[in-house]
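A closer look at the structure
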Amino acid sequence: MAEARFSCRCGALTGRLAGIDPREGTHVTCHCSDCARADRAFDGAGDRVQGVALWQTTPDRVTIETGVEQLRLTRLSPRGLNRWVAGCCGTPMFNTLKGPGMPFVGVLVARLDSAAALGPVIAHGFVEGPDGKSRHKGGLAVGARIAKRALRARLSGAWRATPFFDPESGAPVAEPEILPRDAGQG
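So, here's what we can say about the structure. (Residues numbered from 1 in each chain as written. Predicted model: local features only at pLDDT ≥ 70, side-chain atom pairs only at ≥ 80, totals over all residues. Heavy atoms only, no water.)

Next up on the list: the nonpolar core. What tends to happen in soluble globular proteins is that the nonpolar side chains get buried as a cluster. Counting residues in each nonpolar core, the largest one holds 23 residues, and the members touching the most others are Phe6, Leu13, Val62, Phe94, Val107 and Phe164. Among residues more than four places away in sequence, those in contact with Val62 are Phe6, Arg16, Leu17, Phe94, Val105, Val107, Pro163 and Phe164. With eleven residues, the next largest nonpolar core counts Cys30, Cys35, Ala123 and Val142 among its residues. (Core = buried A, V, L, I, M, F, W, Y, C linked by side-chain atoms within 4.5 Å. Buried < 20%, exposed > 50% of the residue type's maximum accessible area, 1.4 Å probe, protein only. Contact = heavy atoms within 4.5 Å.)

Below is the structure:
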């Protein structure tokens, strides 16, 4: 299995993503308004048409080597997805669910030094149709793959190995900051 390096824009937060194999992760593009808004809030293009490319896997495959103290947790709303950014330069890096119990991480592909080992994008989520409704392309396969990886991580105990949550309490390693409603609008 391949490995890729990741880094924030300024290089203070770095690490590696292990076990890259199209059978062990899912290369997707999310077109939801929240991903676009979060990207814009941190100086990205934030385009629903282009979407945000993600590599979905389990957190035990993410190793932060430098700058762990830079890891910040943001949310678009109090109950929103955990969006992890590098506090040093505001670079969006990862998405997780609210706790470690469902082992899932979406690594922003733009932060990887190479996407070659990821394989092709196999699904597009929240694609806006001509009627204005969002649809998923390949979503069923993505859901099944996430569930399979999560179950395997739960059974093996690998779900506890996460840089995002305290192993004892399960609390996030950083206090969540709720972004202002107008952050990333427009």
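In this section: the pairing of strand S1 (residues 2-7). Every regular strand shows the same layout, with side chains that alternate between the two sheet faces. Bridge count for S1 against strand S2 (residues 14-20) is five bridges, and the pairing is antiparallel. Residue Ala4 lies in a different strand from S2, and its bridge partner there is Leu17. Turn length for the S1-S2 hairpin, with the two strands adjacent in sequence and antiparallel, is six residues, and the turn residue Gly11 shows positive phi of about 85 degrees. (Pairing = 2+ DSSP bridges. Helix = DSSP H or I, 4+ residues; strand = E, 2+ residues; numbered from the N terminus.)

The end-to-end C-alpha separation of helix H2 (residues 139-156) is 26 Å, in line with the 26 Å expected for 18 residues at 1.5 Å each. Three or more residues of H2 are buried, namely Val142, Ile146, Arg149, Ala150 and Ala153. Projected down its long axis, H2 carries its buried residues within an arc of 100 degrees, all on one side. Residues of H2 that are exposed and point more than 90 degrees away from the buried face comprise Leu140, Lys148, Leu151 and Leu155. Taken together, the buried residues of H2 touch strand S3 (26-30), strand S4 (52-57) and strand S10 (123-128). (Expected span 1.5 Å × (residues − 1). Arc of directions from axis to C-beta.)

On to the sheet that holds S2. Spatially, three strands are ordered S1-S2-S5 in an open sheet, and the strand pairing comes out antiparallel. Taken across any chain shown, the strands that pair with only one partner, and hence form the sheet edges, are S1 and strand S5 (62-66). Strand-to-strand, the axes of this sheet are offset by a mean angle of 25 degrees, without reference to chain direction. (Axes fitted to C-alpha atoms, helices over the stretch in contact; angles between N-to-C directions.)

This next bit is on the sheet that holds S4. Strands belonging to one sheet form pairs held by backbone hydrogen bonds; the direction of such a pair is parallel or antiparallel. The strand order S11-S10-S3-S4-S9-S8-S7-S6-S12 describes an open sheet built from nine strands, whose pairing is mixed. Either end of the sheet is taken by a strand with one partner, and the two such strands are strand S11 (134-137) and strand S12 (176-178). Between one strand axis and the next, the sheet turns through 30 degrees on average, direction left out of account. As paired strands, strand S8 (residues 91-96) and strand S9 (residues 105-108) are joined by three bridges and run antiparallel to one another.

On to unusual backbone geometry, then. Even without a glycine there, the phi angle at Phe126 is positive, about 60 degrees. Checked against the element boundaries, Phe126 lands in strand S10.

As a further point, take the pairing of S4. The element S4 is largely enclosed, with a buried count of five among its six residues. Bridge analysis of S3 against S4 gives five bridges, and the strand direction is antiparallel. Across the sheet, the residue bridging to His27 is Trp55, located in S4. Sheet topology note: the S4/S9 ladder contains four bridges and is antiparallel. Its bridge partner being in S9, Gln56 is matched across the sheet by Gly106.

The next point concerns the pattern of salt bridges. Applying the stated criterion across every chain, the model contains seven salt bridges. Residue Glu24 is joined to Arg61 by a salt bridge in which the shortest nitrogen-to-oxygen separation is 3.2 Å. Here the residue Glu24 occupies a position in the loop between S2 and S3, and Arg61 occupies one in the loop between S4 and S5, the gap between them amounting to 37 residues. Taking relative accessible area as the criterion, Arg61 reaches 18% and is therefore assigned buried. One continuous salt-bridge network, built from bridges that share partners, spans Glu3, Arg5, Arg16 and Glu65. (Salt bridge = Lys/Arg side-chain N within 4 Å of Asp/Glu carboxyl O.)

Just distances and angles here, no functional claims.
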